[in-house]
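One-letter residues, chain by chain:
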Amino acid sequence: MAEMYRRPEQVEGVDPRFSWLLDDPATLRAIERDKIEIPADIDREGYCGDQHLTYWLSGLADLRMVQRLAPNASLAHVLDFGGASGRFARHVVLADESAKVTVTDLNVNHVEWVEQHFGPSVRGVKVSPYPYFPLADGSVTLCVGLSVFTHIDSYESGWLAEIHRVLADGGYALLTIHSEQTWRMLPSRPDLFKRLERNPGFTDAFRPGEPMPAERLVFAYNSNSIEHNCNVFMNSDYVRQRWSRWFEVVDIAHRAHHDFQAAVVLRKSST
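Let me sum up the structure you'll find in this document.

Analysis parameters
- Residues numbered from 1 in each chain as written.
- Predicted model: local features only at pLDDT ≥ 70, side-chain atom pairs only at ≥ 80, totals over all residues.
- Heavy atoms only, no water.
- Pairing = 2+ DSSP bridges.
- Helix = DSSP H or I, 4+ residues; strand = E, 2+ residues; numbered from the N terminus.
- Right-handed = clockwise from strand over helix to strand, strands pointing away.
- Core = buried A, V, L, I, M, F, W, Y, C linked by side-chain atoms within 4.5 Å.
- Buried < 20%, exposed > 50% of the residue type's maximum accessible area, 1.4 Å probe, protein only.
- Contact = heavy atoms within 4.5 Å.
- 1 Å grid on protein atoms, 1.4 Å probe; cavity = no way out; pocket = protein on both sides within 12 Å on 5 of 7 lines; lining within 4 Å.
- Points joined across faces, edges and corners; volume = space filled by probe spheres on them.
- Nonpolar A, V, L, I, M, F, W, Y, C, P; charged D, E, K, R; others polar.
- Arc of directions from axis to C-beta.

**Things to note about the pairing of strand β3 (residues 122-126)**
Here is step 1 of the chain: Judged from the five bridges that link them, strand β2 (residues 100-105) and β3 form a sheet pairing that is parallel. Opposite Val103, over in β3, you have Gly124 as the bridge partner.
Here is step 2 of the chain: For the handedness criterion, the β-α-β arrangement of β2, helix α6 (residues 108-117) and β3 is classed as right-handed.

As structure tokens, then:
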């Protein structure tokens, strides 16, 4: 990773959303310590293209977000739900050498990459679209799901129940969503907006400047798949009403995840 940082085209091409991290000496120390290979584009589904430093910094930005919004969460055993090839997980073990991370993902290629390139403190597990983690009850101190519930349509409550089961009493979950603020911001995100426009249900529902027409909306872009090929939007009242059946809803921080998604902070009660 240190070699990557020494390449001018990588530093100059850093996404402005993450450039502030390069002013922090702790970032530079982490770059020097990180000996794990950066996944090739194909092993991270093309995220960030050839801007590998941006990819690395985006994971650090997410860890900083988690630490800011859930400062009391322990990194002893982190469940990185939908963690792909370890973009976030690498920063957990860089921040705390005693931390353990279980990365779960639908894509077996991501899981195999994690298994091949990380050490024993980070393990990869293939999961299915159906709610189940092969983890013991109460064995997780923190669950992080970044851009996961933005694609869960039919099994939302099942996955919430599974997170509740594996979390220790007093443990935290931080899950990002497309909120009512995301809905208003959609025209500023042409990548997502153009994909959604291919769905007639979206074009009927979306009116610029107007609020979401329902508390929860699902727009599928591959109706033949069970692997969550959809975009899901939910408003804050819906989250507080439904998700509080499983957890204490500590906070809903809008524009928290890369300034677009909201971060929902949950805590499992110890009673």
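**Here we look at the nonpolar core**
Here is step 1 of the chain: Judged by nonpolar contacts, the single largest core of 30 residues is most densely connected at Phe81, Phe133, Phe149, Ile163, Leu175 and Trp243.
Here is step 2 of the chain: Within the residue set of this core, elements represented by two or more residues are β1 (77-81), β4 (140-145), α7 (156-166), β5 (167-177), β7 (230-234), α11 (236-242) and β9 (261-267).
Here is step 3 of the chain: With residues near it in sequence (within four places) discarded, Phe133 still touches Leu79, Phe81, Thr104, Val127, Trp159, Glu162, Ile163, Arg165 and Val166.
Here is step 4 of the chain: With 28 residues, the next largest nonpolar core counts Ala70, Leu75, Ala89 and Leu174 among its residues.

**Examining the layout of surface pockets**
Here is step 1 of the chain: By volume, the largest pocket is sized at about 1400 Å³.
Here is step 2 of the chain: Taken together, 46 residues line the largest pocket, and the ones lying closest to its centre are Glu45, Tyr47, Leu146, Ser147 and His151.
Here is step 3 of the chain: Secondary-structure elements contributing two or more residues to the lining of the largest pocket are α4 (52-69), β1, β2 and α9 (190-196).
Here is step 4 of the chain: For the lining of the largest pocket, a count of residues per class yields 16 nonpolar, 19 polar and eleven charged.

**Some words on α7**
Here is step 1 of the chain: Residues of α7 that are buried: Glu156, Trp159, Leu160, Glu162, Ile163 and Val166. The buried residues of α7 occupy an angular sector of 160° when projected down its axis, which confines them to one face.
Here is step 2 of the chain: On its buried face, α7 is in contact with β1, β4, β5, β6 (216-220), β7 and α11.

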